[in-house]
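Chain by chain, the residues:
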Amino acid sequence: MSPYKTVINEAKSTDVVWHLASVTHEQRVMAQGHLPAVIWFTGLSGSGKSTIANAVDNMLYDLGCTTYLLDGDNVRHGLNGDLGFSDADRVENIRRIGEVAKLFVDAGLLVSTAFISPFLADREMVRNQLGFGQFIEVFIDTPIEVCEQRDPKGLYQKARAGEIRNFTGIDSSYEVPLTPEIHVETDKMSVNACAEKIVNYLKTKGYIEATADQ
Ligand SMILES: Nc1ncnc2c1ncn2[C@@H]1O[C@H](COP(=O)(O)OP(=O)(O)OP(=O)(O)O)[C@@H](O)[C@H]1O
Ligand SMILES: [Mg+2]
């Protein structure tokens, strides 16, 4: 169960007034030639979020889209460097990412995010922060045995040895998406095929031109 409420109830800024931008969101979207959205990758560590998100970002970039990629470890180096991996810190991590992703969407971008984001409630919170159709949940569905065998960062080995605590799938829970927009099974498809499935979704749903060549 997400402890998110306990986090946002601590809002400390009062007497702040929203200043309306001169260039509107609609104008920014018109300038792009595609619709903005957050492509939210979720899944276990080692499931393939970063790998596929990068492949998708590359494909979209090659199609002429304005994109950005927010990736777990990179964000934890800077913006969220003060956060650990307790349940409360994971929630705050996602809340901040959601806010940043929302700014990118406001600017008209297709932004991919690659975070484990293990809690259903937190992913729903980000969905609710955004407008209709602006949150595309991509479940990178990889059995934990496969993730553990891949172990690209050696994290499962450390977690099994007790050197890392609160590791998702081992001693911290992962809540499987119930109705993700896109479901990708990486033990059955290549990286390229997984990325193409996502880009094809964007074409079918009209986020990008269906005729755009890859
Ligand atoms: N079909 C596939 N899709 C994605 N990755 C795959 C696939 N097949 C094999 N892999 C490999 O699985 C590993 C996935 O690692 P990756 O860093 O992308 O995971 P992650 O979900 O971002 O993990 P973390 O949450 O720790 O950042 C890579 O080494 C990648 O080459
Ligand atoms: Mg990653």
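Just so we're clear, the structure is a prediction, and the values are computed from it rather than from any experiment.

1. Digging into the packing of helix 5 (residues 87-106) against helix 6 (residues 120-129)
Argument step 1. Contact geometry of helix 5 with helix 6 gives a least axis separation of 10 Å together with a crossing angle of 20°. The orientation of helix 5 relative to helix 6 falls into the category roughly parallel. Remark: the crossing between helix 5 and helix 6 carries right-handed chirality. Facing helix 5, whose interface residues are Val91, Ile94, Arg95, Gly98, Glu99 and Lys102, helix 6 presents Asp122, Met125, Val126 and Gln129.

2. Brief notes about the packing of aromatic side chains
Argument step 1. Inspection of the entire model under this criterion finds five aromatic pairs.
Argument step 2. Centre to centre, the rings of Trp40 and Phe115 are 6.1 Å apart; their planes meet at 35°, and the pair counts as tilted. Here Trp40 is found in strand 1 (residues 37-42), whereas its partner Phe115 is found in the loop between strand 3 (110-114) and helix 6, with 75 residues between them in sequence.
Argument step 3. Taking the relative accessible area as the measure of exposure, Phe115 reaches 3% and is therefore buried.
Argument step 4. Judged by centre distance (4.9 Å) and plane angle (15°), the ring pair of Tyr68 and Phe104 falls under stacked. Residue Tyr68 is found in strand 2 (residues 67-71), and its partner Phe104 is found in helix 5; the two are separated by 36 residues along the sequence.
Argument step 5. For Tyr68, a relative accessible area of 40% gives the class partly exposed.

3. Thoughts on helix 3 (residues 49-62)
Argument step 1. For helix 3, spanning 14 residues, the distance from its first C-alpha to its last is 20 Å, which sits close to the expected 20 Å at 1.5 Å a residue.
Argument step 2. Taken as a whole, helix 3 has its buried residues at Lys49, Ile52, Ala53, Ala55, Val56, Asp57, Met59 and Leu60.
Argument step 3. The elements touched by buried residues of helix 3 are strand 1, strand 2, strand 3, strand 4 (135-141), strand 5 (182-185) and helix 9 (191-204).
Argument step 4. Note on helix 3: the residue one or two positions beyond its end, Gly64, has a positive phi of about 90°.

Thresholds, definitions, all that
Residues numbered from 1 in each chain as written. Chains lettered and ligands numbered in written order. Predicted model: local features only at pLDDT ≥ 70, side-chain atom pairs only at ≥ 80, totals over all residues. Heavy atoms only, no water. Axes fitted to C-alpha atoms, helices over the stretch in contact; angles between N-to-C directions. Helix = DSSP H or I, 4+ residues; strand = E, 2+ residues; numbered from the N terminus. Parallel < 35°, antiparallel > 145°, perpendicular 65-115°, else oblique. Left-handed = near helix turned anticlockwise from the far one by under 90°. Contact = heavy atoms within 4.5 Å. Phe/Tyr/Trp six-rings, centres within 6.5 Å; stacked < 30°, edge-to-face > 60°. Buried < 20%, exposed > 50% of the residue type's maximum accessible area, 1.4 Å probe, protein only. Expected span 1.5 Å × (residues − 1).

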